[in-house]
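So you can see what is in the structure, the chains are spelled out below.
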Amino acid sequence: MLEVKNIHKRFGDNEVLKGVDFKVEKGSVIAVLGNSGSGKTTLLRCISFLERADQGEIQFDDFRKDITAVSKPEIRALRMKMGFVFQGYNLFRNMTALQNVMEGLTTARKIPEAEAKKRAREVLDKVGMSDRENFYPDQLSGGQQQRVAIARTIAYNPEVILFDEPTSALDPQLTGEVLEVMKKLAEEGATMVVVTHEMEFARKVANWVVFMEDGVIVEEGTSEEFFSNPKKERTRQFLQKTDTGLV
Ligand SMILES: Nc1ncnc2c1ncn2[C@@H]1O[C@H](COP(=O)(O)OP(=O)(O)OP(=O)(O)O)[C@@H](O)[C@H]1O
Ligand SMILES: [Mg+2]
């Protein structure tokens, strides 16, 4: 469904992505793991054209092109198929939860007000935020704000949702409630790419795990295989460092 090949990206002298191949099948939940600075965020940003890759190829459904040659209208069309949930929730402070979810539907997607409201309520219900629809971001916990941000993203019905450490700003209890929502989405068949340090999530919810180091994918595999039988020494070291006691 979505695939990038041989992605290279440098910032000045620093080559941050050194030829990454990354493939997302419909319905899969991919956890992207790796130490700080390994290039995980940059990879997501290149896929979503928040950053322009220096080299590589992208394929999304029937569309296939040199990633450096994708035009602005093509980028807009590709981005319509993707949803993003990042660490900061980026909700509008002066809008309620409901208005935050409706905003993009009515402005960017030109969906009529009544229909947008109905859709917004459906997705707020899905993330367990129905009873807070009239609350402003400042009146919500971090976990609740992140759930509203997830609702806003799924309201668009994206073909794939890219998450970049969606829980890293949250304390453990709030992390749990956000991961629960993501788990539910996964069970409903959403296609998800999740950059995370949550090993439990990667192990239990993801069906494919990608481990990055220094701008390359060192190892990838089914989550079962990856955690129970890592092939590379680097992977074993990484898993040993994480305090899951799994390896
Ligand atoms: N806009 C930028 N300008 C210059 N260097 C950048 C920029 N963005 C990222 N980098 C560099 O690219 C490298 C990879 O960064 P990236 O954010 O992709 O890592 P990461 O794997 O997401 O790390 P973390 O787990 O800490 O989020 C780092 O060395 C970083 O300093
Ligand atoms: Mg990052």
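Residues numbered from 1 in each chain as written. Chains lettered and ligands numbered in written order. Predicted model: local features only at pLDDT ≥ 70, side-chain atom pairs only at ≥ 80, totals over all residues. Heavy atoms only, no water.

Asker: Lay out the sheet that holds strand S8 (residues 192–195) in plain terms, naming residues and giving numbers.
Answerer: Strand order in the open sheet formed by 6 strands is S6-S7-S8-S3-S9-S10, with mixed pairing between adjacent strands. Pairing within the sheet leaves two strands with one partner each, and these edge strands are strand S6 (82–85) and strand S10 (216–222). For this sheet, the mean inter-axis angle between neighbouring strands, taken without regard to orientation, is 15°. Of the pairings in the sheet, the one linking S6 to strand S7 (residues 160–164) comprises 4 bridges and is parallel in character. The residue of S7 that forms the bridge with Met 82 is Val 160. Across the sheet, helix H6 (residues 172–187) touches strand S3 (29–34), S7 and S8, and the angle it forms with S8 is around 150°. (Pairing = 2+ DSSP bridges. Helix = DSSP H or I, 4+ residues; strand = E, 2+ residues; numbered from the N terminus. Axes fitted to C-alpha atoms, helices over the stretch in contact; angles between N-to-C directions. Contact = heavy atoms within 4.5 Å.)

Asker: Please set out the side chain of Ser 223 residue by residue, giving values where relevant.
Answerer: Turning to its location among the elements, Ser 223 is positioned in helix H8 (residues 223–228). You can call Ser 223 buried: its relative accessible area is 8%. Apart from the residues lying within four places of it in its own chain, the contact partners of Ser 223 are Ala 202, Arg 203, Ala 206, Asn 207, Trp 208 and Val 209. (Buried < 20%, exposed > 50% of the residue type's maximum accessible area, 1.4 Å probe, protein only.)

Asker: Which residues make up unusual backbone geometry, and what values do they have?
Answerer: The general pattern is negative phi for most residues beyond glycine and trans for most peptide bonds. Phi at Asn 6 takes a positive value of approximately 50°, unusual for a residue other than glycine. Within the element layout of this structure, Asn 6 appears in strand S1 (residues 2–11). In this model, Asp 61 sits at a positive phi of 50°, which is unusual for a non-glycine residue. Topologically, Asp 61 is positioned in the loop between strand S4 (55–60) and strand S5 (63–66).

Asker: Can you break down the nonpolar core residue by residue, with the values?
Answerer: In this structure, Leu 33, Ile 150, Phe 163, Met 182 and Met 192 are the most contacted members of the largest nonpolar core, which totals 49 residues. The element contributing the most residues to this core is H6, with 7 residues. The contact partners of Leu 33, leaving out residues within four places of it in the chain, are Lys 40, Thr 196, Met 199, Ala 202, Val 209, Val 210, Phe 211, Met 212, Phe 226, Phe 227 and Phe 238. In terms of nonpolar packing, the next biggest core, distinct from the first, is built from 28 residues, Val 4, Ile 47, Leu 162 and Val 195 among them. (Core = buried A, V, L, I, M, F, W, Y, C linked by side-chain atoms within 4.5 Å.)

Asker: Tell me about the sheet that holds S5, and name the residues and values.
Answerer: The 4 strands lie next to each other as S2-S1-S4-S5, forming an open sheet whose pairing is antiparallel. Strands with a single pairing partner mark the edges of an open sheet, and in this sheet they are strand S2 (14–24) and S5. With strand direction ignored, the average angle separating the axes of adjacent strands in the sheet is 15°. Sheet topology places S1 next to S4; 5 bridges connect them, and they run antiparallel. From the neighbouring strand, Lys 5 faces S4, where its bridge partner is Glu 57. Contacting S1, S2 and S4, helix H1 (residues 40–47) crosses the sheet at an angle of about 65° to S2.

Asker: Let's hear about the environment of Glu 177: which residues, and what values?
Answerer: Here Glu 177 is to be found in helix H6. The class of Glu 177 is partly exposed, set by a relative accessible area of 22%. Here the alpha-carbon distance between Glu 177 and Gly 143, two residues 34 residues apart in the chain, equals 6.9 Å.

Asker: Lay out the site of ligand 1 in plain terms, naming residues and giving numbers.
Answerer: Taken together, the neighbourhood of ligand 1 is formed by 13 residues, with Ser 36, Gly 37, Lys 40, Thr 41 and Thr 42 sitting nearest. Residue Thr 41 places a side-chain N or O atom 2.8 Å away from an oxygen atom belonging to ligand 1. When isolated, ligand 1 has an accessible area of 640 Å², and the protein chains bury 59% of it. Residue assignment for the shell around ligand 1 shows that the elements contributing at least two residues are S2 and H1. Classifying every residue of the shell around ligand 1 gives 2 nonpolar, 9 polar and 2 charged. (Near = heavy atom within 4 Å. Polar contact = N/O pair within 3.5 Å; in protein donor to acceptor, adjacent residues only side chain to side chain. Areas by Shrake-Rupley, 256 points an atom, 1.4 Å probe, with all protein chains shown as cover. Nonpolar A, V, L, I, M, F, W, Y, C, P; charged D, E, K, R; others polar.)

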